[in-house]
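Residues per chain, in single letters:
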Amino acid sequence: MPELPEVETIRRELDPLITGKTFALPLLHIPSTVEYPCPDEFSRALKGRTIKNIARKGKYLLINLDRGILVVHLRMTGNLIYSDSENSRQQRFLRVTLPFTDGTVLFYSDMRRFGRLWYIADEVELNEIVLKRVGPDIYNELDCETFQQLLEKREKSRLKSLLLDQKFAAGMGNIYTDECLYRCGFHPLRRVSSLNPDETRQLYSSVRAVLEEGIKYGGTTFRDYRSASGALGDFQNKLAVYGRKGEKCFKCGNPIQKTIVAGRGTYYCPHCQANNMEETGGQ
DNA sequence: AGCACCACCTGTGGGC
DNA sequence: TGCCCACAGGTGGTGC
């Protein structure tokens, strides 16, 4: 589910709500939600820890504590909901309850159970255990020049695969990638090697623009996503291609097409994103 | 390096 | 109406 704008929306809402609070003993309704360390150790370590602030890297939420870091990845259908009551009755698919000592609580719900929690000791463990295969945050840690340098190492990649690759840069997911490529008018199958310097700058600014707008509208709620207060996102009403198969392109009026690229459903306008088609073939 | 495919899970919507 | 299948916002592993 959540891509960078959704996780950032949760981070911004959650930070003022829970900074300074202290965790009581967690309830692991589905213990396998905890990736590291083992469930018992996780609960023991978290109890009594006080929240300093909340950061984010790519789609990972990093809850910095007075000792250690609580890491959350929501994968497809995870939700992190803050409530000032311990009543969990309206929480569907509740996997972990994280109560605070003041009676308020953070609920982790997740229909498909793909999401994971970690408790790790420090920055070193963070990078060795959790963020092993995660590149720089595409929104906060990449200027245009560095972006262009990284592209040089990925000449053979197709644009869609590249943007989805969290090791290249972290944060883009399926929705925002399709929206980004539509904005700059590049075909999802186009290869990095076919871009001239001006086009790589266009790609970079489209990435920034689409993420910024996603954040501005509080993320995209296709089905499951909710912010930390349970609110729906708004960006689903701004999408130009994602989920619009057969509907008219806002620029040219031709029908939006759906295909599979990098194993993911991919929406694009065959007219507006038809550039350099000769570069999309071959290996 | 890059890609195709499977696995992990559960629910929903469309087609028949 | 009801059943079955494809598909869903993500990532990790394997094997070519």
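Right above here is the structure, for reference.
Enquirer: Looking at this model, I keep getting lost on the layout of surface pockets. Mind explaining?
Expert: To find leftover empty space, one rolls a probe the size of a water molecule over the atoms. Taken as a whole, the second largest pocket holds about 270 Å³ of empty space. Lining of the second largest pocket is provided by 13 residues; of these, Asn79, Arg92, Phe93, Ser109 and Asp224 occupy positions nearest its centre. Sorting the residues of the lining of the second largest pocket by element identifies strand S6 (78–83) and strand S8 (105–110) as the ones contributing at least two each.

Enquirer: Even after reading the chapter, I still don't get the pairing of strand S5 (residues 69–73), so can you show me in this structure?
Expert: Along any regular strand, the residues point their side chains to alternate faces of the sheet. For S5, a buried count of five out of five residues is recorded, marking the element as mostly surrounded by other parts of the structure. Neither face of S5 is left uncovered, since the one carrying Ile69, Val71 and His73 and the one carrying Leu70 and Val72 both have all their residues buried. Relative to S5, strand S4 (residues 60–65) is paired through five bridges, and the arrangement is antiparallel. Within S5, the position partnered with Ile63 by the bridge is Leu70. Between S4 and S5, which follow one another and run antiparallel, lie three residues, and Gly68 among them has a positive phi close to 90°.

Enquirer: What exactly am I supposed to notice about the sheet that holds S5 here?
Expert: The strands making up a sheet associate through hydrogen bonds between their backbones, and the pairing can be parallel or antiparallel. Strand order in the open sheet made by the five strands is S2-S9-S5-S4-S3, with mixed pairing throughout. This sheet does not close on itself; its edge strands, each paired only once, are strand S2 (34–36) and strand S3 (51–57). Each adjacent strand pair in this sheet contributes to an overall mean axis angle of 25°, direction not counted. Of the pairings in the sheet, the one linking S5 to strand S9 (residues 116–120) comprises five bridges and is antiparallel in character. Note on S9: the bridge partner recorded for Ile69 is Ile120. Helix H2 (residues 39–46) contacts S2, S4, S5 and S9 of the sheet and is inclined by roughly 60° relative to S9.

Enquirer: What should I look at first to understand the protein's contact with DNA strand C in this one?
Expert: By nearness alone, 23 residues border DNA strand C, and Arg133, Arg223, Tyr225, Tyr242 and Arg264 come closest of all. Each atom of DNA strand C within 4 Å of the protein was classed as base or backbone; sugar and phosphate made up 60%. At 2.8 Å, a side-chain N or O of Lys59 approaches a phosphate oxygen of DNA strand C. Measuring from a base nitrogen of DNA strand C, one finds a backbone N or O atom of Thr220 at 2.8 Å. Of the residues assigned to the surface near DNA strand C, the class counts are eight nonpolar, six polar and nine charged.

Enquirer: Looking at this structure, how should I read unusual backbone geometry?
Expert: Peptide bonds are mostly trans, and most non-glycine residues show a negative phi. Note that the residue after Tyr36, namely Pro37, is joined by a cis bond; omega there is -10°. Mapped onto the fold, Pro37 is located in the loop between S2 and H2. Positive phi, close to 60°, is recorded for Arg113, a residue that is not glycine. Inspection of the secondary structure puts Arg113 in the loop between S8 and S9. Non-glycine residue Ala262 carries a positive phi angle of around 55°.

Enquirer: Is there a simple way to think about the protein's contact with DNA strand B in this case?
Expert: In the region of DNA strand B, the neighbouring residues are Arg92, Phe93, Met111, Arg112, Arg113, Phe114, Arg154, Lys156, Ser157, Arg158, Ser161 and Arg223. If you look at DNA strand B and keep only atoms within 4 Å of the protein, 68% of those are sugar or phosphate atoms. The separation between a phosphate oxygen of DNA strand B and a polar side-chain atom of Arg113 is 3.1 Å. At a separation of 3.1 Å, a sugar or linking oxygen of DNA strand B approaches a polar side-chain atom of Arg223.

Enquirer: Explain the pattern of salt bridges to me, please; I cannot follow it from the model alone.
Expert: Side-chain pairs of opposite charge can arise whenever the charged atoms involved come near each other. In the structure shown here, the tally under the stated rule is 14 salt bridges. Across the salt bridge formed by Asp102 and Lys21, the nearest N and O atoms sit 2.9 Å from each other. Here Asp102 is found in the loop between strand S7 (94–99) and S8, whereas its partner Lys21 is found in the loop between helix H1 (4–18) and strand S1 (27–28), with 81 residues between them in sequence. Looking at Asp102, the relative accessible area reads 46%, which means it is partly exposed. Using a relative accessible area of 14% as the deciding quantity, one classes Lys21 as buried. The network of salt bridges with shared partners includes Glu8, Arg11, Arg12, Arg56 and Asp137.

What counts as what
Residues numbered from 1 in each chain as written. Chains lettered and ligands numbered in written order. Predicted model: local features only at pLDDT ≥ 70, side-chain atom pairs only at ≥ 80, totals over all residues. Heavy atoms only, no water. 1 Å grid on protein atoms, 1.4 Å probe; cavity = no way out; pocket = protein on both sides within 12 Å on 5 of 7 lines; lining within 4 Å. Points joined across faces, edges and corners; volume = space filled by probe spheres on them. Helix = DSSP H or I, 4+ residues; strand = E, 2+ residues; numbered from the N terminus. Buried < 20%, exposed > 50% of the residue type's maximum accessible area, 1.4 Å probe, protein only. Pairing = 2+ DSSP bridges. Axes fitted to C-alpha atoms, helices over the stretch in contact; angles between N-to-C directions. Contact = heavy atoms within 4.5 Å. Near = heavy atom within 4 Å. Polar contact = N/O pair within 3.5 Å; in protein donor to acceptor, adjacent residues only side chain to side chain. Nonpolar A, V, L, I, M, F, W, Y, C, P; charged D, E, K, R; others polar. Salt bridge = Lys/Arg side-chain N within 4 Å of Asp/Glu carboxyl O.

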